[in-house]
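Summary of structural features
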Amino acid sequence: MSIVTLLPFIVLIGAMFLMTRSAKKKQQAAAQMRNEMQAGTGVRTIGGMYATVKEVHDETVLLEVAPGVHAIYAKNAIGAVIADEEYNRILDGADPLHADEPVVPDDASSLTGDAAAEATAKGDKIDLGKAETPAGDKTAADEAPAGTDAKDAKAEADAAKADADAAKDDKKSGGDAK
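Residues numbered from 1 in each chain as written. Predicted model: local features only at pLDDT ≥ 70, side-chain atom pairs only at ≥ 80, totals over all residues. Heavy atoms only, no water.

- An unreviewed UniProt entry annotates the protein chain as Preprotein translocase subunit YajC originating from Streptomyces kronopolitis.
- You can read under Subcellular location (unreviewed entry) in the UniProt record for the protein chain the words "Cell membrane".
- Word for word, the UniProt comment on the protein chain under Sequence similarities (unreviewed entry) is "Belongs to the YajC family." (UniProt positions renumbered as here; feature names shortened; annotations may be inferred.)

1. Structural notes on the overall build of the protein chain
- What the protein chain contains, in helices and strands, is four helices and five strands.
- Beginning at the N terminus, the succession of helices and strands in the protein chain can be written as α-β-β-β-β-β-α-α-α.
- By the burial criterion, 14% of the 178 residues in the protein chain qualify as buried.
- In the protein chain, the share of contacts with a sequence separation of at least 24, taken over all contacts with a separation of at least 6, comes to 34%.
- On the protein chain, roughly 14,400 Å² of surface is accessible, and the fraction owed to carbon and sulfur atoms is 56%. (Helix = DSSP H or I, 4+ residues; strand = E, 2+ residues; numbered from the N terminus. Buried < 20%, exposed > 50% of the residue type's maximum accessible area, 1.4 Å probe, protein only. Contact = heavy atoms within 4.5 Å. Areas by Shrake-Rupley, 256 points an atom, 1.4 Å probe, with all protein chains shown as cover.)

2. What about the sheet that holds strand E2 (residues 50-56)?
- The strand order across the open sheet built from five strands is E4-E3-E2-E1-E5, with neighbouring strands paired in antiparallel fashion. Edge positions in the sheet fall to strand E4 (69-74) and strand E5 (78-82), since each of these pairs with one other strand and no more. Averaged over all pairs of adjacent strands, the angle between strand axes in this sheet comes to 45°, irrespective of strand direction.
- Pairing geometry for strand E1 (residues 42-45) and E2, over three bridges, is antiparallel. Note on E2: the bridge partner recorded for Val-43 is Ala-51.
- Against the sheet, helix H2 (residues 84-92) makes contact with E1, E2 and E5, and its axis sits at roughly 130° relative to E2, the strand it touches most. (Pairing = 2+ DSSP bridges. Axes fitted to C-alpha atoms, helices over the stretch in contact; angles between N-to-C directions.)

3. Side note on the pairing of E2
- Where E1 folds back on E2, the antiparallel hairpin that results is connected by four residues, among which Gly-48 adopts a positive phi of roughly 95°.
- Inspection of the sheet shows E2 paired to strand E3 (residues 60-66) by four bridges, in the antiparallel sense. Following the sheet pairing, Val-53 is matched in E3 by Leu-63.
- Where E2 hands over to E3, the hairpin turn is made up of three residues, counted between the paired strands.

4. So, a nonpolar patch on the surface
- Side chains of Met-1, Leu-6, Phe-9 and Ile-10 sit close together on the surface and give an oily, nonpolar patch of about 490 Å² of accessible area.
- As for its placement among the helices and strands, Phe-9 is situated in helix H1 (residues 3-35). (Patch = residues over 30% accessible without salt bridge, like charges linked within 9 Å, V, L, I, M, F, W, Y side chains within 5 Å. Salt bridge = Lys/Arg side-chain N within 4 Å of Asp/Glu carboxyl O.)

5. A closer look at the side chain of Glu-64
- In this fold, Glu-64 is placed in strand E3.
- With a relative accessible area of 19%, Glu-64 lands in the buried category.
- At 3.0 Å, the side chain of Glu-64 forms a polar contact with the backbone nitrogen of Gly-68.
- Excluding residues within four positions of it along the chain, Glu-64 makes contact with Ala-51, Thr-52, Lys-54, Val-69 and His-70. (Polar contact = N/O pair within 3.5 Å; in protein donor to acceptor, adjacent residues only side chain to side chain.)

Structure (structure tokens):
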């Protein structure tokens, strides 16, 4: 057998050795972190729950998950030991790291204008459908130029509405709306 034939196998074995070595180092670091845990430190479990260590035993840890609420966890369930300042920041809900960044809204309220943004801030619902003209709004007859007669403007508005209704009826029946 030549070295060229064995080269892929040698590379594969070397890559497997390096991967297992780094995994062992990570496992040793995690075990050391768990063994150095002390009462009063903040931790995050592998499930993502934050708690305070109350007691450390050989294989288990007593955690205070809420004031006055204690739970026993396996040491292997501790995902990370958190520094005091970071733990307090997480519990308080403050995020000083990103305080100067602009806030991006979770919805499209910034795209719908000031009135909509004010309504959503108050908790009101916004109807984005077609708005019908309320009784107090101006009609075409009210907005007629000063030189035209109000009756003529109203007649033109009524004629336009009749044309639109006729076109809608023709479209429903399948005819041409010419």
